[in-house]
2 protein chains.
Amino acid sequence: MDVRTYIEDHRDEFVAALKEWLAIPSVSADPERHPDVRRSAEWLSAHLSAAGFPTVEVWETGGMPAVFAEWPARDPQAPAVLVYGHHDVQPADPVEEWETDPFDPVERGDRLIGRGASDDKGQVLFHALGVRAGLAASGADAPPVTLKLLVEGEEESGSPNFAELLKARRDRLDCDVAVISDTTMWAADTPSMCVGMRGLTDCRIDLYALDRDLHSGSFGGAVPNPAAAMARLLAGLHDADGRIAVPGFYDDVLEIGAEERELLARLPFDEAEWLRAAGAAAAAGEAGHSTLERIWVRPTAEVNGMWSGHTGAGSKTIVPKSAHAKVSFRLVPDQDPLRIQEAVRAYVRSAAPDGVRAEVEFAGPGVRPCASDLSSPAVQAARDAMRRAFGTDVLYTREGGSGPEADLAEALGAPLVFVAVGLDDDRIHAPNEKVEVPLLLKGAESIAYLWESLAGQA
Amino acid sequence: MDVRTYIEDHRDEFVAALKEWLAIPSVSADPERHPDVRRSAEWLSAHLSAAGFPTVEVWETGGMPAVFAEWPARDPQAPAVLVYGHHDVQPADPVEEWETDPFDPVERGDRLIGRGASDDKGQVLFHALGVRAGLAASGADAPPVTLKLLVEGEEESGSPNFAELLKARRDRLDCDVAVISDTTMWAADTPSMCVGMRGLTDCRIDLYALDRDLHSGSFGGAVPNPAAAMARLLAGLHDADGRIAVPGFYDDVLEIGAEERELLARLPFDEAEWLRAAGAAAAAGEAGHSTLERIWVRPTAEVNGMWSGHTGAGSKTIVPKSAHAKVSFRLVPDQDPLRIQEAVRAYVRSAAPDGVRAEVEFAGPGVRPCASDLSSPAVQAARDAMRRAFGTDVLYTREGGSGPEADLAEALGAPLVFVAVGLDDDRIHAPNEKVEVPLLLKGAESIAYLWESLAGQA
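For clarity, every value in this text was computed on a predicted model and none was experimentally measured. (Residues numbered from 1 in each chain as written. Chains lettered and ligands numbered in written order. Predicted model: local features only at pLDDT ≥ 70, side-chain atom pairs only at ≥ 80, totals over all residues. Heavy atoms only, no water.)

A. Focus on the side chain of B:Glu405. Residue and element names in this part refer to chain B. Of note, Glu 405 is situated in helix α12 (residues 405-412). No salt bridge is formed by the buried Glu 405; its nearest oppositely charged neighbour, Arg 330, is found at 10 Å. Those residues in contact with Glu 405, other than ones at most four positions away along the chain, are Ile 180, Met 197, Cys 370, Leu 416 and Phe 418. (Helix = DSSP H or I, 4+ residues; strand = E, 2+ residues; numbered from the N terminus. Buried < 20%, exposed > 50% of the residue type's maximum accessible area, 1.4 Å probe, protein only. Lys, Arg positive; Asp, Glu negative; His and termini not counted. Salt bridge = Lys/Arg side-chain N within 4 Å of Asp/Glu carboxyl O. Contact = heavy atoms within 4.5 Å.)

B. Representation of the packing of helix α2 (residues 11-22) of chain B against helix α4 (residues 117-138) of chain B within the structure. Residue and element names in this part refer to chain B. Viewed as axis vectors pointing N to C, α2 and α4 meet at an angle of 135°, and their least axial separation amounts to 10 Å. The angle between α2 and α4 places the two elements in the oblique class. Here α2 and α4 pass one another in a crossing that is right-handed. Together, Phe 14, Ala 17, Leu 18, Trp 21 and Leu 22 of α2 and Ala 117, Lys 121, Gly 122, Val 124, Leu 125, Phe 126 and Leu 129 of α4 make up the contact between the two elements. Along the lines of polarity and charge, the residues of the contact of α2 with α4 split into 10 nonpolar, one polar and one charged. (Axes fitted to C-alpha atoms, helices over the stretch in contact; angles between N-to-C directions. Parallel < 35°, antiparallel > 145°, perpendicular 65-115°, else oblique. Left-handed = near helix turned anticlockwise from the far one by under 90°. Nonpolar A, V, L, I, M, F, W, Y, C, P; charged D, E, K, R; others polar.)

C. Looking closely at α4(B). Here α4(B) spans 29 Å end to end across 22 residues, near enough to the 32 Å set by a 1.5 Å rise per residue. In the stretch just after α4(B), B:Gly139 is the one whose phi turns positive, near 75°. (Expected span 1.5 Å × (residues − 1).)

D. Molecular detail of the packing of helix α2 (residues 11-22) of chain A against helix α3 (residues 34-51) of chain A. All names here are of chain A. For the pair α2 and α3, interaxial distance at closest approach is 10 Å and the crossing angle is 160°. Taken together, the axes of α2 and α3 lie roughly antiparallel to each other. On the side of α2, the interface is formed by Ala 17, Glu 20 and Trp 21, while α3 contributes Ser 40, Trp 43, Leu 44 and His 47.

E. Region of interest: the UniProt feature "domain: Peptidase M20 dimerisation" (unreviewed entry) in chain A. On the UniProt side, "domain: Peptidase M20 dimerisation" (unreviewed entry) is annotated at positions that read residues 196-355 of chain A here. Annotated as residues 196-355 of chain A, this span is 30% helix and 22% strand, and its ends, taken at the C-alpha atoms, are 43 Å apart. (UniProt positions renumbered as here; feature names shortened; annotations may be inferred.)

F. Examining the relation of the copies chain A and chain B more closely. Mapping chain A onto chain B calls for a screw motion: a turn of 180° about the axis and a shift of 0.1 Å along it, with 0.1 Å RMSD after fitting. In the structure described here, the two chain copies are related by an operation that fits a two-fold rotation axis. In this assembly, 100% of the residues forming the interface of chain A have copies in chain B that are likewise at the interface, indicating an isologous arrangement. (Least-squares fit on C-alpha atoms with pLDDT ≥ 70 in both.)

G. Here's a closer look at the interface of chain A and chain B. Taken residue by residue, the interface counts 70 residues in chain A and 70 residues in chain B. Carbon and sulfur atoms supply 55% of the area that chain A and chain B bury against each other, a total of about 4,900 Å² over both sides. Applying the counting criterion to the chain A and chain B interface returns zero salt bridges. Where chain A packs against chain B, one counts 32 residue pairs in polar contact (both at pLDDT 80 or more). Only β10 (199-208), β11 (214-215), α6 (226-235), α8 (271-278), α9 (291-296), β12 (300-309), β13 (318-319) and β14 (322-331) of chain A provide two or more residues apiece to the side of chain A that touches chain B. Top element by residues in the side of chain A that touches chain B is β12(A). It accounts for nine residues. Across the side of chain A that touches chain B, the residue classes tally to 33 nonpolar, 25 polar and 12 charged. Where β12(A) lies against strand β12 (residues 300-309) of chain B, five bridges are found, and the strand directions are antiparallel. Bridge pairing in β12(B) places A:Gly309 opposite B:Gly305. (Buried area = accessible area lost by both parts, 1.4 Å probe. Polar contact = N/O pair within 3.5 Å; in protein donor to acceptor, adjacent residues only side chain to side chain. Pairing = 2+ DSSP bridges.)

H. Representation of the nonpolar core within the structure. Ranked by size, the top nonpolar core spans 247 residues in total, and within it A:Val223, A:Leu234, A:Trp451, B:Val223, B:Leu234 and B:Trp451 carry the most contacts. Setting aside anything within four residues of it in sequence, one finds A:Val223 in contact with A:Leu210, A:Leu214, A:Val319, B:Trp274, B:Leu275, B:Ala278, B:Ala280, B:Ala282 and B:Ala284. (Core = buried A, V, L, I, M, F, W, Y, C linked by side-chain atoms within 4.5 Å.)

I. The arrangement of the sheet that holds strand β17 (residues 395-399) of chain B in detail. Residues and elements named next belong to chain B. Read from one edge to the other, the open sheet built from three strands follows the order β16-β9-β17, with strand pairing classed as mixed. Strand pairing shows two members of the sheet lacking a second neighbour, β16 (370-371) and β17, which therefore form its edges. Where strand β9 (residues 192-197) lies against β17, four bridges are found, and the strand directions are parallel. Looking at the pairing, Met 197 lines up with Glu 399 of β17.

J. The pattern of salt bridges, seen in detail. Taken as a whole and assessed by the stated rule, the structure comprises 68 salt bridges over all chains. Taking the shortest distance from any N to any O, the salt bridge between A:Asp425 and A:Lys434 comes out at 3.1 Å. Taking the shortest distance from any N to any O, the salt bridge between B:Arg266 and B:Asp393 comes out at 2.8 Å. Taken together, the residues B:Arg266 in helix α7 (residues 258-266) and B:Asp393 in the loop between α11 (377-390) and β17 connect sequence positions 127 residues apart. Overall, B:Arg266 belongs to the partly exposed group, its relative accessible area being 42%. Taking relative accessible area as the criterion, B:Asp393 reaches 27% and is therefore assigned partly exposed. Salt bridges linked by common partners bring B:Glu259, B:Glu262, B:Arg266, B:Arg383, B:Asp384, B:Arg387 and B:Asp393 together as one network.

K. Geometry of the sheet that holds strand β4 (residues 106-108) of chain A. All names here are of chain A. Within the open sheet, the three strands sit side by side as β4-β5-β20. Their pairing is antiparallel. Each end of this open sheet is capped by a strand with a single partner; those strands are β4 and β20 (434-436). Averaged over all neighbouring strand pairs, the angle between strand axes comes to 25°, with direction disregarded. Taken together, the three bridges between β4 and strand β5 (residues 111-113) define a ladder with antiparallel strand orientation.

Below you can see the structure in the form of structure tokens.
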């Protein structure tokens, strides 16, 4: 029996199991749901044990538990793979906008509707199906690679205990490749692999000029205006080409390679439709880059908010005493959030005119960007595996947002490979979340091929 | 008996009358005080009648009444002078910060403390004393000029009915010179004449870019950011020299003349002390101009307020959908608020990038700047009269703020002359308002000389 046949034969069983799991409202952000998060961990443990994983453990953290499962390879020299996913889900709010009960999953044709269907229970569960399919096809009783699953229980709450867990369990997590199954592909008919995520650092900037607001008749024109100074400071973040003008900002930016650029350009991207969905009348951004490049492979500086002086109704002709802004920077490999913070601090200092005191406070250490090494055998193996499963070429995407993946990769010292089959229209974090069951099956098929391929590379 | 002796002999009587008037809480902004505003008009009418004005009328308006008094010159060919002042006062709030009852005036040495002592009852009342002193010195039974007093009752409420009153009573107000007694001089030992006031126009600017706030990870770098666009727009209001970069903005600006510039530079101005009082750490503004020039004779563009996106606690990494600002422009002769509004509208249109819709809304028609013609005989006569009264040279000042004086001058078709003896530390509009009685007496003396001098010019 080949991999695909096994998977198709077990479709209903897979969906039934997933429905059972989705019925557990494992909302990590809601303390009242914490018993359900624990139930979710137990359900997954039982399911992975039943799938054949010889080691399955519930790992306690300072918060909600993770599930760890391990299945040694038949060949002790085979590489080890660690799969990352999470078993907690977003809150269902606003519940009234759901067409079905978020925790009573419903099949509609090929779709399964319920909170967590795509993010991330469906994508965790296809790993159990995939490894079984590989065993059935090979006739072996152990997978071709040492397979480790680490399924977190607090991802939707910002993974507050994850770094500590990685540190405490570092030895058990040793691996040669880290596979992330928590993202999306371009479209059902355009399979793709995410090959990078932007990092993030964000700050608040305060400019203080006066002890109090001053009458603009008596003082206007002769004292520093911090709102105007803030405007100049924020305007100076970009040059006329939309490039970020903070000195040193691009020092560590890796330009996108020709191969990735070519693959990005092949994505069937309808810019007009994208702008319509964004509610924007025009594209904007760094000259010389496409919209997809701008949101995926180029760093940004965005003013998230600003305020100063009189913001109420009517006129109040003052020189305000202070001005404030919140600014975030999306980062790309190999930018380091801490180096960027230093560059921004230096820029703000240089941009504050005489008589204006500037303060910058960053929200935290920031999130580092990450990217797969496109030339690595693991990425190529994953792309080949997906191509074989989907029967069509597999393109590259990235994500503009941020996650803990860079920290995971660094903690494990292993290259990152994203194998995921969610879609952008799966409505994750929104009412009526769904997943396309055929894509989950393709995910299972892909990783069955991938484990074989990685074993062959060893 | 000479003018000065008469005035000194009548000092106590003058102060007693003023105290009586100050005890009437004629707060035009407070509807509960409106009967008091009427009582104030009646008190003034009686006082002016007693001083000898043959015509005294209470003029009703849509709001609080004005007082009009007229005393024809002994020579029917003599010029007519109209004196403008007001008999309403600011609210006393915060009352708890007054060291004495604001409406129970108290003498402390040369000072008289009470709401309206300087702004403007004291300065109105010295006109009654001055004309009596002139009559006593000349032995005549009518003043050397036809003297008209127009004492408004709603100045502290923005003079909402004043333009209408001027229009309705235009014939009665005919004059050759308009004298304003509602401002200040530099210092008790540095008498000065105000020779101009800045105008004002202010607006709200709105930039709309998106239907909703967008996630800066998913969209950042590829859609217009209206907060950044607003920052560029506001930053572009000034060039690197602090000059306003709105095209056409300076077209109608009259550069200050050499004489006025020289007199301004002679004012004993302590910039460090001024900055300390302003609560500012450094001076700022248009290159090539002193601080006094910047606040008096140069136009400004000040950001009064701005707001966009996330202004609360913590991080919210969005691209905001819109951005807003309030901007005011102080204007100098001969700038026209309506022409400036057009220039600003054109600038905002040109500054809005692709995909960003800009709206500008001005608060109203604005206030026109005004200035005395320094070469006019009336201004020279007033300066000479004050020099004679004070026994020292009289310098020029201006005011950075705005009043209805330009409209008054235009309505009357007469040149403006400011004769006033308030001080900047009189705490007008603030608790513990006071006036220096000796300066009020010098005001009375000045206008006695001035009326004689203007009659001689006829």
